[in-house]
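# Summary of the model geometry
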Amino acid sequence: EISEDETEIKGNDDCSAYAAFTILLPNDNQSVYYWTIKNVSSVDCYRSIGITSNRGDWKNQNYANWLNDGGFITYSWRENDKGDIPKLHFNGYRREWNKDELITLKLDYGRNVLSFFRDKQHIGTAIIDPDKSYYFALLLCADPKNKLKIVKLDTTCEEFQKDHPVA
């Protein structure tokens, strides 16, 4: 369920994960986009944030794993817990995205990278396809106790870049 002002998403069903997306962020080989999401409340289930270039038929499907261009990314429980970022998302369930924590994505078309920040601390960078445009996306369990909120940056993008450099 998306709030009237389109800044909050919360579950309104049982434990099935659904995706939500921003508008397509056009790749002009120079723009930088930021998206910050706050975990307002959650149960121990799916909650991920990332990018995808293909939204697919999301209105009629629920997801158990992060979506990518070819369908879904599946995980083996033996896989390294940090295997999510190279696959263009932050797996909030595996990384224990806790209440009140912020996850910020920085999509940099000029450098062809997606950078991840947890409470403004850089936690990883992934390479993006220089020929694709992307959507920011969320994956959230539909349990009513789950609620995420889009947060405006408390600074300009230039200040965020200066204060939170990416190696």
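Given the structure is predicted, the values throughout are model-derived calculations rather than measurements.

### A short note on the overall build of the protein chain
Of regular secondary structure, the protein chain possesses 1 helix and 12 strands. The secondary structure elements of the protein chain, listed N-terminal to C-terminal, are β-β-β-β-β-β-β-β-β-β-β-β-α. Of the contacts made within the protein chain by residues no fewer than 6 positions apart, 69% connect residues no fewer than 24 positions apart. When the accessible surface of the protein chain is split by element, carbon and sulfur atoms take 47% of a total near 9,000 Å².

### A short note on the pairing of strand S4 (residues 47–52)
For S4, the tally of buried residues reaches 6 of 6 residues, placing the bulk of the element in the interior. What you see with S4 is no split at all: Arg47, Ile49 and Ile51 on one side and Ser48, Gly50 and Thr52 on the other are buried throughout. Here 6 bridges tie S4 to strand S11 (residues 135–141), and the two strands are oriented antiparallel to one another. Paired with glycine 50 across the bridge in S11 is alanine 137. Taken together, the 3 bridges between S4 and strand S7 (residues 89–91) define a ladder with antiparallel strand orientation. When the bridges of S7 are listed, isoleucine 49 appears paired with phenylalanine 90.

### Let's talk about the pattern of salt bridges
All told, the structure shown has 2 salt bridges when counted by the stated rule. A salt bridge links aspartate 100 to lysine 38; its shortest N-O distance comes to 3.7 Å. You can see aspartate 100 sitting in the loop between S7 and strand S8 (102–108) and its partner lysine 38 sitting in strand S3 (residues 32–41), a full 62 residues away along the chain. When its relative accessible area of 45% is taken as the criterion, aspartate 100 is described as partly exposed. On the accessibility criterion, lysine 38 (28% relative accessible area) is partly exposed.

Quick notes on the rules
- Residues numbered from 1 in each chain as written.
- Predicted model: local features only at pLDDT ≥ 70, side-chain atom pairs only at ≥ 80, totals over all residues.
- Heavy atoms only, no water.
- Helix = DSSP H or I, 4+ residues; strand = E, 2+ residues; numbered from the N terminus.
- Contact = heavy atoms within 4.5 Å.
- Areas by Shrake-Rupley, 256 points an atom, 1.4 Å probe, with all protein chains shown as cover.
- Buried < 20%, exposed > 50% of the residue type's maximum accessible area, 1.4 Å probe, protein only.
- Pairing = 2+ DSSP bridges.
- Salt bridge = Lys/Arg side-chain N within 4 Å of Asp/Glu carboxyl O.

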